[in-house]
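For reference, the chains in residue letters:
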Amino acid sequence: MDFLFKIGKPFLHALDPEDAHALTIKGLKTGLIPPCAGQTDPRLKQTIAGLDFENPVGLAAGFDKNADVIQPLFNLGFGFVEVGTVTPKPQSGNPRPRIFRDPSNEAVINRMGFPNGGLDIFKRNVERFRQSHPDTKGIVGLNIGMNKDQGKPEKDYKHLVNELAGLADYLTVNISSPNTPGLRNLQSKENLVPLLQEILNERARANKQPPLFVKLAPDLEEKQIAEISESVSEAGIDGLILTNTTLERPDHLPETFRSETGGLSGKPLTRKSTEIIRAFYQQTDGKLPIIGVGGISSAYDAYEKIKAGASLVQLYSALVFHGPGLIKNINTGLADLLEQDGLDHISKAVGTDHSS
Ligand SMILES: Cc1cc2nc3c(=O)[nH]c(=O)nc-3n(C[C@H](O)[C@H](O)[C@H](O)COP(=O)(O)O)c2cc1C
């Protein structure tokens, strides 16, 4: 697989990033990108929020926005796949170009603005996947957001919970994408507590109650981290996904790239998101499961997040620069790192930074 990606990469990177992405989805759909999952290592299997994960490496939201290629993604070796963000109505997002790569720093900036086919298409695709793969071991997360023109966010989130709870292994409430005006304001205490309450009430009414995770931004002050920790713990949220993209622009990024509006992901986000994981783990006394995401491009990066407090990890941007072989490499690399540290199971590495 690494060899195939090496051949295809110059061609893909010569294209506009969004065209390259569309081609990748097509390649997955048609089987042009072959399966490359490795053996599952029993040391990497975990039960988190009541769900059995075959391995801790997941695909982050935004790659498969319409839930088009869930099974082909599992075939690449992911333990879990998060699809979406879906909004109730279809929307086209911001004008193109709206994704930018900086290969020298393995970084991406995007200002997509949730382009997606809307709930009906998304739901049909997930239903199809469920019908054709009833025995799948892969965990499917459904990431939900609000339409750009929705003045009452709780309406969209409740509607999506109601429609999708029965199909989800877990649901992610995305309140952290920087490209939907007002979305990140939902992270403030005054907005967050009533929103989560409404969403949780809606879940209680649904025909199934999947775990509910909240996805947060990395651009949070200490005080906000403390307030959010308290709010989510009291509300009874099942876990946090840390983090979405950042609005920060480190100085070392090339001027033309860093001046693009949007959320920055990939390598320049690695350390920042790890520190946010560390802070939330501390604030919640390690009681709330954390999925760590942001600039993971090696087993070492994943392990750093796990030691800071993440039970599982996700990635997206590194796939652009390293290809799908990375998933297997991270899983085997994690098993090696456990061995090095004399640990017989991944769960024993979670949060170890805090005990030393
Ligand atoms: C092109 C692109 C689109 C994204 N779209 C979404 C999205 O729709 N919903 C979401 O929650 N996160 C979205 N993200 C954020 C990722 O899920 C992830 O949190 C972030 O990119 C950090 O991880 P990474 O450095 O491994 O990419 C997107 C990221 C990229 C690069």
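Everything that follows concerns the structure shown earlier in this document.
Here the structure is a predicted model, which is why all the values come from computation and not from measurement.

A. Molecular detail of the overall build of the protein chain. When its secondary structure is counted, the protein chain shows 12 helices and 13 strands. Scaling as 2.2 N^0.38, a compact globule of 356 residues should have a C-alpha radius of gyration of about 21 Å, and the protein chain matches this with 19 Å. Counting over 356 residues, the protein chain shows a buried share of 49%.

B. Examining the sheet that holds strand E11 (residues 263-266) more closely. Read from one edge of the open sheet, 3 strands run E5-E6-E11, paired in antiparallel fashion. The strands lining the two open edges of the sheet, one partner per strand, are strand E5 (99-102) and E11. Across this sheet, the average inter-strand angle for adjacent strands is 20 degrees, counted without regard to direction. Two strands pair when backbone bridges link them, and E5 and strand E6 (residues 107-110) are joined in this way by 4 bridges, in the antiparallel orientation.

C. Layout of the sheet that holds strand E4 (residues 80-86). Spatial strand order, E3-E4-E7-E8-E9-E10-E12-E13: 8 strands in a closed barrel with parallel pairing. Averaged over all adjacent pairs, the angle separating strand axes in this sheet is 25 degrees, with direction ignored. Strand direction decides the pairing type here: strand E7 (residues 139-144) and strand E8 (residues 170-174), joined by 4 bridges, are parallel. Considered in E8, the bridge of Leu-142 is made with Leu-171. Packed onto the sheet, helix H5 (residues 153-164) meets E4, E7 and E8 and runs at close to 155 degrees relative to E7.

D. Structural detail: helix H6 (residues 189-205). Here H6 contains 17 residues, and its C-alpha end-to-end distance of 25 Å stays within 8% of the 24 Å for a straight helix at 1.5 Å per residue. Of all the positions in H6, only Leu-192, Leu-195, Leu-196 and Ile-199 are classed as buried. The buried residues of H6 occupy an angular sector of 100 degrees when projected down its axis, which confines them to one face. Of the residues in H6, the exposed ones pointing more than 90 degrees away from the buried face are Glu-190, Pro-194, Asn-201, Ala-204 and Arg-205. Elements that come into contact with the buried residues of H6 comprise H5, E8, strand E9 (212-216) and helix H7 (222-235).

E. Geometry of the site of the ligand. Taken together, 27 residues are adjacent to the ligand, and Ala-60, Gly-62, Ser-265, Tyr-316 and Ser-317 come closest. Among the elements of the structure, E6, E11 and helix H11 (317-322) are those that each provide at least two residues to the shell around the ligand. A breakdown of the residues in the shell around the ligand according to their chemical character gives 12 nonpolar, 13 polar and 2 charged.

F. Quick look at the nonpolar core. One finds Leu-171, Leu-240 and Val-313 to be the most contacted residues of the largest nonpolar core, which totals 94 residues. Those residues in contact with Leu-240 that sit more than four places away from it in its chain are Phe-213, Val-214, Leu-216, Val-232, Phe-280, Leu-288 and Ile-290.

G. Quick peek at the packing of H6 against H7. Viewed as axis vectors pointing N to C, H6 and H7 meet at an angle of 20 degrees, and their least axial separation amounts to 10 Å. Classed by the angle they form, the pair H6 and H7 counts as roughly parallel. The crossing of H6 and H7 is right-handed. Contacts between H6 and H7 involve Lys-189, Leu-192, Val-193, Leu-196, Gln-197 and Leu-200 from the first element and Glu-227, Ile-228, Ser-231, Val-232 and Ala-235 from the second. For the contact of H6 with H7, the per-class residue count stands at 7 nonpolar, 2 polar and 2 charged.

Conventions adopted
- Residues numbered from 1 in each chain as written.
- Predicted model: local features only at pLDDT ≥ 70, side-chain atom pairs only at ≥ 80, totals over all residues.
- Helix = DSSP H or I, 4+ residues; strand = E, 2+ residues; numbered from the N terminus.
- Rg over C-alpha atoms; globule rule 2.2 N^0.38 Å.
- Buried ≥ 20, exposed ≤ 12 C-beta atoms within 10 Å, placed from the backbone.
- Pairing = 2+ DSSP bridges.
- Axes fitted to C-alpha atoms, helices over the stretch in contact; angles between N-to-C directions.
- Contact = placed C-beta atoms within 7 Å.
- Expected span 1.5 Å × (residues − 1).
- Arc of directions from axis to C-beta.
- Near = placed C-beta within 6 Å.
- Nonpolar A, V, L, I, M, F, W, Y, C, P; charged D, E, K, R; others polar.
- Core = buried A, V, L, I, M, F, W, Y, C linked by C-beta atoms within 7 Å.
- Parallel < 35°, antiparallel > 145°, perpendicular 65-115°, else oblique.
- Left-handed = near helix turned anticlockwise from the far one by under 90°.

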